[in-house]
Structure formats: C-alpha cells, structure tokens
Amino acid sequence: MSEQVIDASVIAIGSRPSARSAGTFMPRLITGLALLLLWELVVRALAPPYVAKPTSVVMAVPRVITDPTFLSATGATLLAVAEGLAIALVAGIVIGLSMGRSPAVERSLRHYVNGFYAMPMIVILPLFSLWFGYSGATRIATIIFAAIFSIIINVADGANSVPREYLEVARSFRASRLRGLIDIVLPSSMPYLLAGIRLAAGRALIGAVVAEFFLSIGGVGYYILYNSRIYRHDQAFVGVLLLAAFGVSFELLVNWCTRRFMPWYRRDEQTG
Amino acid sequence: MKRFGTLRHHAPFWLSIAAGIALWEIAGRNTSAAFMVPFSETLVRLWQLVASGEFIHQLLESAKLFITGFVLAVVIGLPFGMLLARVRTLRIGIEPYLMIVYATPLVALIPFILSMMGFGFAPKVLVVFLFAVFSVIYNTVEGARSIKPEMLEVAHSFRSNEWVLWREVMLPHTLPYAMTGVRQAIGRALVGMIAAEFFLSSTGLGQLIMSASQNFDTGGVFASILVIALIGIGLMRVGLLIERHFARWRQ
C-alpha cells in the first residue's frame, strides 16, 4: 500500500527548474490560446446559447466576484474545508504515528484504514446525512472522512521508514520515547506527511462539493448546482474556476514547502 | 508446519476483522436502529436484497456504467498520453493545463453535464470517463518525463527506427507509469460512478443506497455501503496487481 500513495505524490508540478525557462513559455501560451479558441468555436457552433464559453465566462467574472452570495458561498466552503482538514490532520498524525511506531496498532488498524481509503468516499454521505442531518456538520464529517485516511497512511509509512540508526543514537543518548517521536520520527516523516496532505486536500475539496450537492447547503458546490439549474452556466463556471484555483494553489504551496523546507528530500531526478 | 506458518501470518488479519465486526455488532445493538444497525442485521438485510433480485439488477447496472466509462478512459487516455509522451512540444504545451484539470475537483462539472445532457446513460458514462481519464494521461506523461534525453539520443545515433524506439525506450519507460495511472483511474472511476448515480439519473448501487436512506432503511444503507466498500477494496487489489506486473520494467 505504501508505494501507491507515494506514487501519487511523485506527481509534482514545476519542480524542475527547466520548466521555468523561456523555451517552454511559447508552446504553453499557444496551446492555451488554441484550447480556449477551440472551446469557444465548438460551443458557438454546436451548443445552445446558455452553455458556458470562454468569452462569456470572462464577462461573468466581475459580476460574480462582487456578488455577496458568491462570496459567502466561497467563505463557507473554504472554511469547512480548512476546518475538516485541520481535524483530519491532527487526528491523522496521531493515528498514523502510533501505527508507524507500534506493530500492534498497525496490525489492528491497517486493514480498516486501507479499506476506508479504497472505498469511494462519497457513499458515506447518505449515512452521514442520517447521523448528522442536512447540515454543515455532515459536510465537515464528509471532508474529514475524505481526507483522513490518506494522511494516516502516509504518516504511518513515513514513521515506518525512519532509519533505525537514528533512533538507536537517540536511545544511546537516553532520549525519552516521546522526544524520539517528536524530534526524530516526526521530522523525518514530514515529506510523507506533505504528500498525504496534498492528496487529502484534493479529496477534501471533492468531499465538500459533493456534500453541498447532496445536502443543498450553502457553498461553492451549491452555487454551481443552483446556477447551472437555472441555466446561468457562465456564473456557475466561475465557481468551477475558483475550485480549480484553490486546488492548483494548494498543490503549488505543498510543492514549494517540500522544496523550501525539505531540500534533502528528492524524488527521482526528472529530466525535461 | 507450512499451514501453521500461514495461520500465524493471517491470524492478526482475521483477529482484527473479528474485533471490528464485534465492535460494530455491540455498537449497533446499543444505539437506535435509525442510526446504526448491527452487523448481523446488515447481513440479513443484504440477503433480502439479494433474494429479491433487486441487488443483482442494480449491481449489473453499476458494472455496465463503470466498465463502459473506465474502458473508454483507458482506450482514449493511453494513446493520447503516449502521443504526448512522444511529441515533446505538444507535451510541454499541454502539461500545465493537464495539471490544472487534474487538480480540479471534476465533480463540480456534474451540474453542467446534467443540464446539457439530461438523464440518459451517456452523461453518466461521461462523468466516469472524466473522473478516470486524466489519471491515465497524467501518469503516462509523467513516465515520458522520466526518459532521459540521452537515451533518445543514443537510440538515434544507433539509427533506431521509430518502431525500435518505441519497443526499447518509450514503452518500457512509460507503461509502468501509465499503469499507475490505470490503478488510480480505477479508484476515481468508482467515485465517478457513485457520483453519477447519485446526481444524474439514479440507477445502480447509488440508487440502492439513496432509496434506502430516503426510506430510513438504515439496514439497507449499511448493506449497500458494505458491498460498495468491498468492491472498492477488491478493485484496488486488482489495480495493484496490474501495476506490480508492469512495475518490474521500471528500474
């Protein structure tokens, strides 16, 4: 199970210096413009007028981002995601560390963690809505459920992969178990943790949107659902752009953190 | 002796499963039936659903959706990823956009698909396809990045033709990554399948669980979740096997 989570984390963006060089800029710009043009032309030629196309989405942007409904929806979703991620992070680190350092805990929990991770997280929604009602609590619970297992798996793998010598040195200096955990195990599993957080953030965002669809509670997901139901696809698409921006910036942030604070952690050398 | 060895090897697994079931049973018996149903009753409810034929029907319905969307994703994603892997300019041009789409929660597109395509089978297949296809493309391209330019240069200086180049360099390097993508795609397609069944026309296992929750049939909800979880675990296993089979190529 370990390699699969790390494999997903191997997907990093902009981690190669060459990606920033001038040689890549023109092909990217041209491809981007070509894609937008293609989208515009296809929609104009084939689709009914309400369908979102680049020009009309751009026109809708100023209207949407000054719309108080949209702003409060954004706030509600992002707050829920942050809250859920924070809870998943703390609980996930505690569970993951204990799994990584204690074979007994690992043996009793491993199959459940892997099982919950493998199951499509959104099937839990109907059950959570029975338990917590059609409310924000269900959204938070869904976000936690979506996020926590990738954190647990990664932290456990990280804690498991601490070189044995490090801990032996700590022990010969009479460091307590707790100190060893905080000063050695936690820092050396940081890259794993960050990989887990990146996966978790993506899943949390999906969880939030799906929960809002399902529960019809205020948020970006519901904003998109509502506006596309009344055929305001342009407005609704601005919501999608916001989610994309959030997903991408989180991804970039985690990559930046990995390079900035953990330069010793290198994925396989990639070539451009 | 060997038997004893495997027993010892598997004992912790069965012990932890037994403990989990016991916990579920106890928790279920001590809470209101509207919240939680014990394991035994969940099995009884599952058996009723199977016996009525309802369950098998919905399972096949889901399988049809999953397989169609997933196969389309692989059949389209793999060649497209390979094309990007070979044509460097195209790959460099498209990479950032691929990354953006990959990082976007594509569930957000479901309402658009609903209002444009309605309630048929095709929009649901599109959802499963969209969920799965980018994992395949993204990872194939990632594999292409792992090919060192020197390898291609050496191949060229030995006058390798296109076919030899593919056999000796491209395929061995990209396929293992592509199969990681296929494994991820299996998981994502499953989420896409459930999402499509929840939010587009309600069919399959998604409908089973939705109607159970609307009828406050908690036993039905638990039975469906149990089955879907087992399917998820089983498919994940299959994915890992496929991936491992090809990973032998990866150095």
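Just so you know, these numbers come straight off a predicted model, no measurement behind them. (Residues numbered from 1 in each chain as written. Chains lettered and ligands numbered in written order. Predicted model: local features only at pLDDT ≥ 70, side-chain atom pairs only at ≥ 80, totals over all residues.)

## Topic: the overall build of chain A
Within chain A one finds twelve helices and zero strands. When the elements of chain A are put in sequence order from the N terminus, they spell out α-α-α-α-α-α-α-α-α-α-α-α. Counting only residues that meet the buried cut, chain A has 41% of its 272 residues in that class. (Helix = DSSP H or I, 4+ residues; strand = E, 2+ residues; numbered from the N terminus. Buried ≥ 20, exposed ≤ 12 C-beta atoms within 10 Å, placed from the backbone.)

## Some points on the overall build of chain B
The number of helices and strands found in chain B is ten helices and zero strands. Listing the helices and strands of chain B from first to last along the sequence gives α-α-α-α-α-α-α-α-α-α. Taken against the 2.2 N^0.38 rule, which gives 18 Å for 251 residues, the C-alpha radius of gyration of chain B at 23 Å runs more than 25% over that of a compact globule. Each of the three principal axes of chain B carries a C-alpha extent, and together these read 75 × 65 × 30 Å. (Rg over C-alpha atoms; globule rule 2.2 N^0.38 Å.)

## Looking at unusual backbone geometry
All names here are of chain A. At Ser216, a position not held by glycine, the phi torsion is positive, near 55°. You can see Ser216 is positioned in the loop between helix 10 (190–215) and helix 11 (220–229). Of note in this structure, Tyr231 is not a glycine but carries a positive phi near 60°. Classification of Tyr231 by C-beta neighbours within 10 Å gives partly exposed; the count is 14.

## Considering the interface of chain A and chain B
In this assembly, 56 residues from chain A lie in contact with 53 residues from chain B. Elements with a minimum of two residues in the side of chain A that touches chain B: helix 1 (2–10), helix 2 (25–46), helix 5 (103–118), helix 6 (125–132), helix 10, helix 11 and helix 12 (233–261) of chain A. Among the elements that line the side of chain A that touches chain B, the one with the most residues is helix 12 of chain A, at nine residues. Of the residues in the side of chain A that touches chain B, the class split is 34 nonpolar, 16 polar and six charged. (Contact = placed C-beta atoms within 7 Å. Nonpolar A, V, L, I, M, F, W, Y, C, P; charged D, E, K, R; others polar.)

## Observations concerning the packing of helix 10 of chain A against helix 11 of chain A
Residues and elements named next belong to chain A. At a minimum axis distance of 7 Å, the contact between helix 10 and helix 11 shows a crossing angle of 50°. Taken together, the axes of helix 10 and helix 11 lie oblique to each other. Like other packed secondary-structure pairs, helix 10 and helix 11 cross with a definite hand, here right-handed. Counted together, Ala208, Val209, Glu212 and Phe213 of helix 10 and Gly221, Tyr222 and Leu225 of helix 11 form the full contact between these two elements. Considering only residue class, the contact of helix 10 with helix 11 consists of five nonpolar, one polar and one charged. (Axes fitted to C-alpha atoms, helices over the stretch in contact; angles between N-to-C directions. Parallel < 35°, antiparallel > 145°, perpendicular 65-115°, else oblique. Left-handed = near helix turned anticlockwise from the far one by under 90°.)

## Section: the domain arrangement of chain A
In terms of domain boundaries, chain A breaks down into domain 1 (16–47) and domain 2 (52–261). Between domain 1 of chain A and domain 2 of chain A, the C-alpha centre-to-centre distance is 30 Å. (Domains from an automatic or database assignment.)

## Thoughts on the confidence of the model for chain A
Residue and element names in this part refer to chain A. Chain-level statistics for chain A give a pLDDT mean of 85 and a share of 89% at 70 or above. In the predicted structure, residues 1–19 sits below a pLDDT of 50 and forms 38 contacts with residues beyond four places in sequence or in another chain. Confidence drops under pLDDT 50 across residues 268–272; counting only partners more than four residues distant or on other chains, this segment forms ten contacts. (pLDDT = per-residue confidence, 0-100.)

## Here we look at the environment of Ser108(A)
Examined against the element boundaries, Ser108(A) turns out to sit in helix 5. Residue Ser108(A) is classed as partly exposed on the basis of its C-beta count, with 18 C-beta atoms lying within 10 Å. When residues no more than four places from it in sequence are discounted, the contact partners of Ser108(A) are Ser16(B) and Ala19(B).

## Points about the environment of Phe261(A)
Residue and element names in this part refer to chain A. With respect to the element layout, Phe261 can be found in helix 12. Residue Phe261 is classed as partly exposed on the basis of its C-beta count, with 13 C-beta atoms lying within 10 Å. Separated by 66 residues in sequence, Phe261 and Ala195 have C-alpha atoms that sit 14 Å apart.

## Considering helix 6 (residues 121–145) of chain B
Residues and elements named next belong to chain B. Helix length check: helix 6, at 25 residues, gives a terminal C-alpha distance of 37 Å against a target of 36 Å (1.5 Å per residue), a fit within 8%. Within helix 6, the axis deviates most sharply at Ala132, by approximately 25°. For helix 6, the tally of buried residues reaches 21 of 25 residues, placing the bulk of the element in the interior. (Expected span 1.5 Å × (residues − 1). Bend = angle between axes of the 7 residues up to and from the residue.)

## Notes on the nonpolar core
Among the nonpolar cores identified, the biggest contains 136 residues, and Val128(B), Ala189(B) and Ala195(B) are the most heavily contacted of them. For this core, the leading source of residues is helix 10 of chain A, giving 18 residues. If we skip the residues at most four places from it in the chain, Ala195(B) touches Ile122(A), Val210(A), Val107(B), Ile110(B) and Val127(B). (Core = buried A, V, L, I, M, F, W, Y, C linked by C-beta atoms within 7 Å.)

## Thoughts on the packing of helix 4 (residues 68–101) of chain A against helix 11 of chain A
Residues and elements named next belong to chain A. The contact between helix 4 and helix 11 brings their axes to 7 Å, and the two run at 140°. What the angle tells us is that helix 4 and helix 11 run oblique. Across the interface between the two elements, Phe70, Ala73, Thr74 and Thr77 from helix 4 touch Val220, Gly221, Tyr222 and Tyr223 from helix 11. Classifying every residue of the contact of helix 4 with helix 11 by side-chain character gives five nonpolar, three polar and no charged.

## Quick notes on the confidence of the model for chain B
Residues and elements named next belong to chain B. With 95% of its residues at a pLDDT of 70 or more, chain B has an overall mean of 88. At the level of individual helices and strands, chain B shows its lowest average pLDDT in helix 7 (residues 149–157), which scores 78, and its highest in helix 3 (residues 54–86), which scores 93. Interface confidence in the predicted complex, given as ipTM, is 0.87; pTM for the same model is 0.87.

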